[in-house]
Amino acid sequence: MTVRRARPALRALAACLLAVAAGCGAPAATTAPAPPAPAAPGHWHQVFADDFGGSRLDPAKWTTCYDWNRGGCTNSTNHELQWYLPGQVTVGGGKLTLTAQRRTTKGTDGHTYPWTSGMVSTGRDSWNATPRSTFTYGYFAAAVRIPSQGGMLPAFWLMPASRHTPPELDVAEGLGSTSTVRMTTHWKGHDGTEQSAAGHYGPVDFPAGYHVFALDWEPTSLTWYVDGTPRFRVTSAQQIPHVPMEVLLTLAVGYPSPPPPGVDSAAMSVGWVDVWQH
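Residues numbered from 1 in each chain as written. Predicted model: local features only at pLDDT ≥ 70, side-chain atom pairs only at ≥ 80, totals over all residues. Heavy atoms only, no water.

Asks: Help me understand the nonpolar core, please; the structure alone is not making it clear to me.
Replies: One broad trend across soluble globular proteins is that nonpolar side chains are buried collectively. Counting residues in each nonpolar core, the largest one holds 46 residues, and the members touching the most others are Leu-96, Phe-213, Trp-217 and Leu-249. Beyond its immediate sequence surroundings of up to four residues, Leu-96 is in contact with Phe-52, Leu-57, Val-89, Thr-90, Val-91, Val-120, Met-268, Ser-269 and Val-270. (Core = buried A, V, L, I, M, F, W, Y, C linked by side-chain atoms within 4.5 Å. Buried < 20%, exposed > 50% of the residue type's maximum accessible area, 1.4 Å probe, protein only. Contact = heavy atoms within 4.5 Å.)

Spelled out as structure tokens, the structure:
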């Protein structure tokens, strides 16, 4: 397999644009940086990549709903305000864009939603279909620019191919904040209840430009990276999943709180997504 790597000069430039914590002091990149090799130690080979070239989403790599897609979908567990539709997912200018709009939308589940939005997943087109791509362990990375508007939940995360959560791995979520990202592992405790452990990184003006969010999922550890720097780590055995997972990028609306008055749209941009394994 041919491994796509940035040339050294481009990689150094991308690192300087992103790694403010490392002392470069440059502003965040307003165009997605070239994808670097994994920041985590070890020997890696690339098993999935999309840099969103061209003018349409690659249907061989992505679907635009959860596995329970029936003319759209939502995550009713979180009581989110959006109904996901494929028309809210666009590719152009070297990026994937997920757009949320305040538009009353009738879902095929019989409910009416005040917002519509976009998402992509490497999972199934429908409940009984076969997932496009699933992964057990690896280094998962994406260049993401989150929206500046309040009331949005932009997320880069992993869900079991079994469709039963927990476990769940959240590489990065803008949960109730545009200046802090949350990095979380969810698991089922010994008593059967859902448990979670989370790290937070910020404050950073994340909407000002692209940032590279990554997770190194190993059999004995989970390490989260922001712009190439480790920011959170878990080594407890019960907190680490060992099941195949789908990759998702979603722009939910209204969790944990609804958008303020005057906010009628928002967009999340993704420059590329890479998955590497040992």
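Having seen it, we continue.
Asks: I keep staring at unusual backbone geometry and nothing clicks. Help me out?
Replies: Working note: non-glycine residues mostly have negative phi, and peptide bonds are mostly trans. The omega torsion of the bond from Thr-165 to Pro-166 falls at -5 degrees, within 30 degrees of zero and hence cis. The topology assignment puts Pro-166 in the loop between strand E8 (152–160) and strand E9 (168–173). In this model, Pro-166 is joined to Pro-167 through a cis peptide bond whose omega is 10 degrees. In this model, Phe-52 sits at a positive phi of 55 degrees, which is unusual for a non-glycine residue. Of note, the phi angle at His-79 is positive, near 55 degrees, even though the residue is not glycine. Here His-79 is to be found in the loop between strand E1 (45–50) and strand E2 (82–84). By relative accessible area, His-79 is classed as exposed at 65%. (Helix = DSSP H or I, 4+ residues; strand = E, 2+ residues; numbered from the N terminus.)

Just geometry here; none of it tells us what the structure is for.
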